[in-house]
Each structure stands twice: as structure tokens, then as C-alpha cells.
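Structural characterization, general
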Amino acid sequence: MSQLDLFSQADKQPQWISINNGEYLYLPNFFNIEEANRHFKALMNDIEWKQESMNMYGRNIPFPRLTAWYGDNDKPYSFSGITLAPLKWNETLLKIKQKIQHLAETSFNSVLLNRYRNGNDSISWHTDAEKELGTNPLIASVNFGATRKFQLRHRESKEKIELELSHGSLLIMAGELQHYWQHQVPKTKKVVNERINLTFRVIK
Ligand SMILES: [Mn+2]
């Protein structure tokens, strides 16, 4: 699909939102419903989901979500105190990557997948500003399945921005955002189905 098709489909130009120390772009219907349903099913079945855990004071604490790491280089990647070696891209991941690369004008070489099984799964305040990603990394976040709340919080002013990331949506974070804003997906008491989030990155 060309960028022009994308614009006409959304009925307007994708709009970058400029915030203090960063910018983001949110496209709720980046994937149409058929594409989104197909990708969601394929990712549920074909990804090697793992229950990783963190070692804290000699105890193994499982993360409240499943994770997987795919990419095209064999540099290990560290986050939240664990190190992962990437698995090789599969067809679904390559298809998604291709579609977002076009819009983002960036060649991604890795993707971190998180699977939130229900409202009790979550990720707490953090940044995607690992050293491997360099200065001002562009992060493309794709969402399938249940809608979950996504919150951004400025480190200094504590200003908060809240988005509802829905099935088939794309969020791109860029500029200084990762250095100044933390983000989280909080737990929810609402009954929610599974959600899969993919964050495409460039490891230097
Ligand atoms: Mn993150």
C-alpha cells in the first residue's frame, strides 16, 4: 500500500503530535479489521512465547506478561535485567514490519513482543531508552487484540498522557520522548481478553 492510499483510507494525513520533549503519531486503524484479525491469530499461534522472570534478591519473579524477541542480528539485547538472543523473523512479523517501515521511513532490525493474557498482566513505568538503541530512538508499537490503556508520564513535570491502544493500531514514538517520558500499561480490574503488542526497534 502506498502512503497516499494510507492517507485516503484514514481520510486525513497522519498527524504527528508534538509534546514537551518528544513527538508521537497514533493511527488507530493502521491495519484493517481483516488484517488485524489474521495477524493476531498468527502471532498467538506462531510466536515462541516465553514466561521470562527477573532475579530479585535471589528470588525468581515472573514478569506479568509473556515475551518474545525476534530480529535479524545476533547481538543479544538486555531489558528489565534479562538478556535475550533474537529468534529469526517469521512471515507474519516480516509482513507487519514491511508495512510500518514504509510509513516510519526506518529499517527496523528487531522487535520485542509482549502478550498481556488478561487485565492482571501489565508493564510498569519504564522507558525504551536502552543503550543499544542509541540517542532519540524511534519506536513503532503495533497492537492486536484487547484495547488497553497506555500511559506516558514526563519524568520531571509528571505531566501525563493517556491513550487507548486498540486492535490494529500503530503508535510511533520519536524525538527525545524516550529520554524524558516513561510509559506503562497498568493492570485493570475490567475483564479483558488477550492483547499482543509489538515494538519495532533499531539496534545499533
Ligand atoms: Mn516499552
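Residues numbered from 1 in each chain as written. Predicted model: local features only at pLDDT ≥ 70, side-chain atom pairs only at ≥ 80, totals over all residues. Heavy atoms only, no water.

1. Points about the overall build of the protein
- For the protein, the count of helices and strands is 4 helices and 15 strands.
- Radius of gyration (C-alpha) of the protein: 16 Å, near the 17 Å computed for a compact globule of 204 residues.
- Burial statistics for the protein: of 204 residues in total, 50% are counted as buried.
- Excluding contacts between residues fewer than 6 apart, the proportion of contacts in the protein whose partners are at least 24 apart in sequence is 74%. (Helix = DSSP H or I, 4+ residues; strand = E, 2+ residues; numbered from the N terminus. Rg over C-alpha atoms; globule rule 2.2 N^0.38 Å. Buried < 20%, exposed > 50% of the residue type's maximum accessible area, 1.4 Å probe, protein only. Contact = heavy atoms within 4.5 Å.)

2. Comments concerning the coordination of the manganese ion
- Distances from the manganese ion to its protein donors, namely His-126 (NE2), Asp-128 (OD) and His-183 (NE2), fall within the range 2.1 to 2.3 Å.
- As a motif over one chain, the donors of the manganese ion read H-x1-D-x54-H. (Donors = N, O, S within 2.8 Å, 3.2 Å for Na, K, Ca; no water.)

3. Quick notes on the sheet that holds strand E15 (residues 195-201)
- Across the sheet, which stays open at both edges, the 7 strands sit in the order E1-E2-E13-E10-E15-E8-E5 with antiparallel pairing between neighbours. In this open sheet, the two strands that pair with only one neighbour each are strand E1 (16-19) and strand E5 (66-71). When the angles between neighbouring strand axes are averaged without regard to direction, this sheet yields 20°.
- Sheet analysis places strand E8 (residues 110-116) next to E15, joined by 7 bridges and oriented antiparallel. Pairing of Val-111 across the sheet is with Phe-200, part of E15.
- Contacts from helix H2 (residues 33-46) reach E5, E8, strand E10 (139-145) and E15, with the element oriented near 90° to E10.
- Against the sheet, helix H3 (residues 91-104) engages strand E2 (22-27), E5, E8, E10, strand E13 (169-174) and E15, with an angle of about 55° to E15. (Pairing = 2+ DSSP bridges. Axes fitted to C-alpha atoms, helices over the stretch in contact; angles between N-to-C directions.)

4. Quick word on the side chain of Arg-115
- If you trace the backbone, Arg-115 turns up in strand E8.
- Arg-115 gets classed as buried once you look at its relative accessible area, which sits at 13%.
- For Arg-115, the side chain forms a polar contact with the side chain of Glu-194, separated by 2.8 Å.
- Beyond its immediate stretch of four places on either side in the chain, Arg-115 contacts Met-44, Trp-49, Arg-65, Leu-66, Asp-121, Glu-194, Arg-195 and Ile-196. (Polar contact = N/O pair within 3.5 Å; in protein donor to acceptor, adjacent residues only side chain to side chain.)

5. Quick look at the sheet that holds strand E14 (residues 181-185)
- In spatial order, the strands read E9-E14-E11-E12; together these 4 strands make up an open sheet with antiparallel pairing. Edge positions in the open sheet fall to strand E9 (123-126) and strand E12 (160-165), since each of these has one partner strand only. Neighbour-to-neighbour, the strand axes of the sheet open up by a mean angle of 15°, direction not taken into account.
- Alignment of strand E11 (residues 148-154) against E12, held across 6 bridges, turns out to be antiparallel. Residue Arg-148 lies in a different strand from E12, and its bridge partner there is Leu-165.

6. Structural notes on the pattern of salt bridges
- Summed over the entire model, instances satisfying the criterion amount to 6 salt bridges.
- Taking the shortest distance from any N to any O, the salt bridge between Glu-194 and Arg-115 comes out at 2.8 Å. Here Glu-194 is found in the loop between E14 and E15, whereas its partner Arg-115 is found in strand E8, with 79 residues between them in sequence.
- Put simply, Asp-128, Glu-130 and Arg-201 are held in one network by salt bridges that share partners. (Salt bridge = Lys/Arg side-chain N within 4 Å of Asp/Glu carboxyl O.)

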